[in-house]
Amino acid sequence: MRLLIMGAPGAGKGTQAVGIAEHYGIPAISTGDIFRANVRQGTELGRRVSAIMAAGDYVPDELTERIVADRLDRDDAAAGWLLDGFPRTLHQVEALEKYLADHSVGLDAVICLDVDPEDLIVRLLGRAEVEGRADDDEGTIRHRMDVYLESTRPLLDAYEGRGLLVRVDGNGTVEEVGARIVAAVDAFVA
Ligand code: ADP
């Protein structure tokens, strides 16, 4: 199974990605997590991306695409994966297409988590208090939302046009939303 999970910042992608991946026995691969781990560990990649992330901007496409391709090449991803936070730009969509074509595989579904816009900011501000993420202050949150609307939301139309988009209501408890996603994906790929 090869899946993408998309949605606005705060839609719950990361939380749901872990549960869905476990359900299907595939790794959940989060570009945000990969970048944050590198920042924490002080690697060269981490030094390159930390200011970009803290400002709520996107890491350059070529760099992000290389990181994802390297991760997908690992053994545990041979039978499938769930990508969380990638692709985020049309350039990244094309890079992923090329990777898939080169490996003679395809996407099974693109999950889109829909959450009421007013709830997103509230959720992100709540997470800022709990996790203390550098990109979770209110100004940066609003900027990330703008960047998402401008650069990433259009990708949903692209995947809808390819008949891959599975929209799921992301309002509710983690368990409710998780069950909804699995039911929707199972019905879609059946
Ligand atoms: P959220 O789920 O709240 O949107 P993520 O953890 O997915 O946050 O991403 C955090 C940050 O990591 C982004 O704001 C961006 O700076 C960087 N990032 C993650 N994925 C990508 C990507 N595919 N392209 C560019 N930057 C990315």
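Residues numbered from 1 in each chain as written. Predicted model: local features only at pLDDT ≥ 70, side-chain atom pairs only at ≥ 80, totals over all residues. Heavy atoms only, no water.

1. So, the layout of surface pockets
Sizing a probe to match a water molecule and rolling it over the atoms shows the empty space that remains.
Turning to step 1, where the next piece is worked out: What the largest pocket holds in volume is close to 950 Å³.
Turning to step 2, where the next piece is worked out: Along its surface, the largest pocket is lined by 42 residues, and Lys13, Gly14, Arg36, Arg127 and Arg133 are the ones closest to its centre.
Turning to step 3, where the next piece is worked out: Of all the secondary structure elements, the ones that give two or more residues to the lining of the largest pocket are helix 1 (13-24), strand 2 (28-30), helix 2 (31-41), helix 6 (117-131), helix 7 (138-161) and helix 8 (174-189).
Turning to step 4, where the next piece is worked out: Per-element accounting of the lining of the largest pocket gives the leading share, six residues, to helix 1.
Turning to step 5, where the next piece is worked out: Here the residues of the lining of the largest pocket sort into 15 nonpolar, 15 polar and 12 charged.
Turning to step 6, where the next piece is worked out: Its volume calculated, the second largest pocket comes out at about 280 Å³. (1 Å grid on protein atoms, 1.4 Å probe; cavity = no way out; pocket = protein on both sides within 12 Å on 5 of 7 lines; lining within 4 Å. Points joined across faces, edges and corners; volume = space filled by probe spheres on them. Helix = DSSP H or I, 4+ residues; strand = E, 2+ residues; numbered from the N terminus. Nonpolar A, V, L, I, M, F, W, Y, C, P; charged D, E, K, R; others polar.)

2. Observations regarding empty space enclosed by the protein
Turning to step 1, where the next piece is worked out: Within the structure shown, the criterion is met by one cavity of 30 Å³ or more.
Turning to step 2, where the next piece is worked out: Reported here for the largest cavity is a volume of approximately 80 Å³.
Turning to step 3, where the next piece is worked out: Lining of the largest cavity is provided by Ile5, Met6, Gly7, Pro9, Lys13, Tyr58, Gly85, Phe86, Pro87, Arg88, Tyr148 and Thr152.
Turning to step 4, where the next piece is worked out: Of all the secondary structure elements, the ones that give two or more residues to the lining of the largest cavity are strand 1 (2-6) and helix 7.

3. Regarding the sheet that holds strand 4 (residues 109-114)
Turning to step 1, where the next piece is worked out: Pairing in this open sheet of five strands is parallel, and the strands run 2-3-1-4-5 from one edge to the other. Each having just a single partner strand, strand 2 and strand 5 (165-169) make up the two edges of the open sheet. Direction aside, neighbouring strands of the sheet carry axes that sit 25° apart on average.
Turning to step 2, where the next piece is worked out: Pairing analysis gives three bridges linking strand 2 to strand 3 (residues 81-84), with the strands arranged parallel. Each bridged residue has a counterpart across the sheet, and for Ala28 the counterpart in strand 3 is Leu82.
Turning to step 3, where the next piece is worked out: The sheet strands contacting helix 2 are strand 2 and strand 3, and the helix crosses strand 2 at an angle near 60°.
Turning to step 4, where the next piece is worked out: The strands touched by helix 7 are strand 1, strand 4 and strand 5; relative to strand 1, the strand with the most contacts, the crossing angle is about 140°. (Pairing = 2+ DSSP bridges. Axes fitted to C-alpha atoms, helices over the stretch in contact; angles between N-to-C directions. Contact = heavy atoms within 4.5 Å.)

4. A word on the pattern of salt bridges
Turning to step 1, where the next piece is worked out: Taken as a whole and judged by the stated rule, the model has seven salt bridges.
Turning to step 2, where the next piece is worked out: Residue Glu138 is joined to Arg142 by a salt bridge in which the shortest nitrogen-to-oxygen separation is 2.9 Å. Taken together, the residues Glu138 and Arg142, both in helix 7 and four residues apart, mark about one turn of the helix.
Turning to step 3, where the next piece is worked out: When its relative accessible area of 38% is taken as the criterion, Glu138 is described as partly exposed. (Salt bridge = Lys/Arg side-chain N within 4 Å of Asp/Glu carboxyl O. Buried < 20%, exposed > 50% of the residue type's maximum accessible area, 1.4 Å probe, protein only.)

5. Brief notes about the pairing of strand 3
The side chains of a regular strand alternate, residue by residue, between the two faces of the sheet.
Turning to step 1, where the next piece is worked out: Here strand 3 shows no split at all, with Trp81 and Leu83 on one side and Leu82 and Asp84 on the other all buried.
Turning to step 2, where the next piece is worked out: One ladder, built from four bridges, connects strand 1 with strand 3; its direction is parallel. Along strand 3, the bridge assignment pairs Ile5 with Asp84.

6. Describing the environment of Gly139
Turning to step 1, where the next piece is worked out: Structurally, Gly139 can be placed in helix 7.
Turning to step 2, where the next piece is worked out: Residues Gly139 and Ala55, 84 residues apart in the sequence, show an inter-C-alpha distance of 9.3 Å.

7. Observations concerning the pairing of strand 4
Turning to step 1, where the next piece is worked out: The element strand 4 is extensively covered by neighbouring structure, given that five of its six residues are classed as buried.
Turning to step 2, where the next piece is worked out: Across four bridges, strand 1 lies against strand 4 in parallel orientation. Its bridge partner lying in strand 4, Leu4 is registered against Val110.
Turning to step 3, where the next piece is worked out: Two elements, strand 4 and strand 5, share five bridges in a ladder whose sense is parallel. Paired with Leu113 across the strands is Val168, a residue of strand 5.

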